[in-house]
Amino acid sequence: MSYERTVTLKAPFEQVQQAVRQALAEQGFGVLTEIDVQATLKARLDHDMERYLILGACNPPLARQALEADRSVGLLLPCNVVVRADGDQVVVQALDPGAMVSLTGLDAMAPVAREATRRLDAALASLKAAGA
């Protein structure tokens with residue numbers, strides 16, 4: 001089972017990560033959390049790696065619907081979006097919301113997952129169309 005949705009862009013990292021935030025906002029997602037994995041691993045383990053951000057994106061109405069169906073689904077929220085360098089490209093990946101349905105086994109989660117998928121796919125498509 002695939003658990004991610006991905007686009008690869010040939011643009012500067014900073015430009016892509018700002019475009020990701022904008023594309024998510026246009027689809028009703030706010031970024032609640034940001035983890036700079038590169039900086040964290042350097043600071044804690046003196047480990048060097050490529051640029052790697054994890055953005056915790058949330059669409060409040062969809063989160064509310066999901067939580068109404070199953071309070072434990074908070075373990076899968078927010079929708080994680082990764083922005084990472086890969087050579088001279090930047091990879092943007094979003095967790096496939098369909099994973100919520102698969103993991104919970106709840107039919108009530110399906111409409112939420114479909115809408116979240118539609119919105120995340122639209123955000124990713126806009127990035128690809130714009131070349132970020």
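Here the structure is shown first, and the text comes after it.
Now for a look at the structure at hand. (Residues numbered from 1 in each chain as written. Predicted model: local features only at pLDDT ≥ 70, side-chain atom pairs only at ≥ 80, totals over all residues. Heavy atoms only, no water.)

Our next topic: the overall build of the protein chain. From N to C terminus, the protein chain includes five helices and five strands. Over its C-alpha atoms the protein chain spans a radius of gyration of 15 Å, differing by no more than 12% from the 14 Å that the globule rule assigns to 132 residues. For the protein chain, the spread of C-alpha atoms along the principal axes amounts to about 40 × 35 × 25 Å. Within the span of the protein chain, comprising 132 residues, buried residues form 36% of the whole. (Helix = DSSP H or I, 4+ residues; strand = E, 2+ residues; numbered from the N terminus. Rg over C-alpha atoms; globule rule 2.2 N^0.38 Å. Buried < 20%, exposed > 50% of the residue type's maximum accessible area, 1.4 Å probe, protein only.)

What follows is about the side chain of N59. Structurally, N59 can be placed in the loop between β3 (52-58) and α3 (60-69). One polar contact links the side chain of N59 to the main-chain carbonyl oxygen of Q27, over a distance of 3.4 Å. Those residues in contact with N59, other than ones at most four positions away along the chain, are Q27, G28, F29 and R119. (Polar contact = N/O pair within 3.5 Å; in protein donor to acceptor, adjacent residues only side chain to side chain. Contact = heavy atoms within 4.5 Å.)

Quick look at helix α5 (residues 110-130) now. The end-to-end C-alpha distance of α5, which contains 21 residues, comes to 30 Å, matching closely the 30 Å that a straight helix rising 1.5 Å per residue would cover. Where α5 ends, the next residue or the one after it, G131, has phi of about 65 degrees, a positive value. (Expected span 1.5 Å × (residues − 1).)

One finds V16, V20, L24, V81, V83, V92 and L127 to be the most contacted residues of the largest nonpolar core, which totals 23 residues. Those elements that place two or more of their residues in this core are β1 (4-9), α1 (13-26), β3, β4 (79-86), β5 (89-95) and α5. At five residues, α1 tops the list of elements feeding residues into this core. Filtering out sequence-adjacent residues up to four positions away, V83 remains in contact with F13, V16, Q17, V20, R51, Y52, L53, L55, V90 and V91. In this structure, A66, V73, M109 and V112 belong to the second largest nonpolar core, which totals eight residues. (Core = buried A, V, L, I, M, F, W, Y, C linked by side-chain atoms within 4.5 Å.)

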